[in-house]
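# Summary of the model geometry
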Amino acid sequence: MSGAPAPFGEDFDALREGASFVTPARTITESDLVSFSSLTGDWHPQHADAEWAARSQFGERVAHGMLVLSYAIGLVPIDPDRVIALRGVDGVVFKRPVRIGDTIRVKGRLEQAKPLSGVLGLVTFLWRIVNQEDELAVRARVTVLWKREGQAPESTNARTEEVYL
């Protein structure tokens with residue numbers, strides 16, 4: 001993914017804590033809820049039953065929290081030549097429902113870039129997933145393994161295995 005926006009287009013050693021980004025947006029549709037329910041088996045009536053959901057505290061169907069988080073991952077312009085793997089998602093807090101027709105985007109900030117070895121680093125971002133009104137829907141810390149420049153692929157593979165042990 002050449003030409004990825006900062007900080008995703010940066011070599012690990014050029015990353016700066018505090019760097020921020022905003023992703024493009026995506027509107028959540030009824031089809032998204034049905035597809036996610038089908039894929040995961042999560043047919044909770046809050047997501048799948050319009051009549052039940054109309055009587056709920058939200059007054060209508062809302063997106064699965066994990067659907068929102070999953071779509072957020074897809075919105076972030078992760079460069080596969082730099083980011084080797086998703087390492088962790090921590091401190092996830094679902095602050096408000098995302099409704100059918102809401103449009104989400106991710107506002108992120110690089111919190112930490114920690115070298116693990118000569119070939120890998122650990123990069124942690126704070127993500128704020130917001131709706132079209134810029135209201136916070138979800139926040140999370142997302143950590144990825146980031147390849148450091150100038151290293152042979154063989155070294156990266158060996159060191160990646162060590163990091164996962």
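This text follows the structure it describes.
The structure presented is a predicted model; accordingly, all values stated were derived computationally and were not measured.

## Brief notes about helix H4 (residues 65-75)
Every buried residue belonging to H4 is among Leu-67, Val-68, Leu-69, Ala-72 and Leu-75, and all of these are buried. For H4, the secondary structure elements touched by its buried residues are strand E2 (26-27), helix H1 (30-40), strand E3 (83-94), strand E4 (103-115), strand E5 (120-130) and strand E6 (136-147).

## Quick notes on H1
For H1, every residue scored as buried is listed here: Asp-32, Leu-33, Phe-36 and Ser-37. Buried residues of H1, viewed axially, fall in a sector of 130°; they line one side. Residues of H1 that are exposed and angled more than 90 degrees away from the buried face: Ser-38 and Leu-39. The secondary structure elements touched by the buried residues of H1 are E2, helix H2 (45-48) and H4. Directly after H1, the chain includes Gly-41, whose backbone phi takes a positive value near 80°.

## A look at the pattern of salt bridges
The tally for this structure, following the rule as stated, stands at eleven salt bridges. The salt bridge involving Asp-134 is made with Arg-105; its shortest N-O contact spans 2.9 Å. Of this pair, Asp-134 sits in the loop between E5 and E6 while Arg-105 sits in strand E4, and the two are 29 residues apart along the sequence. Residue Glu-111 is joined to Arg-141 by a salt bridge in which the shortest nitrogen-to-oxygen separation is 2.7 Å. With a gap of 30 residues between them, Glu-111 in strand E4 and Arg-141 in strand E6 connect regions that are remote in the sequence.

Cut-offs applied
Residues numbered from 1 in each chain as written. Predicted model: local features only at pLDDT ≥ 70, side-chain atom pairs only at ≥ 80, totals over all residues. Heavy atoms only, no water. Buried < 20%, exposed > 50% of the residue type's maximum accessible area, 1.4 Å probe, protein only. Helix = DSSP H or I, 4+ residues; strand = E, 2+ residues; numbered from the N terminus. Contact = heavy atoms within 4.5 Å. Arc of directions from axis to C-beta. Salt bridge = Lys/Arg side-chain N within 4 Å of Asp/Glu carboxyl O.

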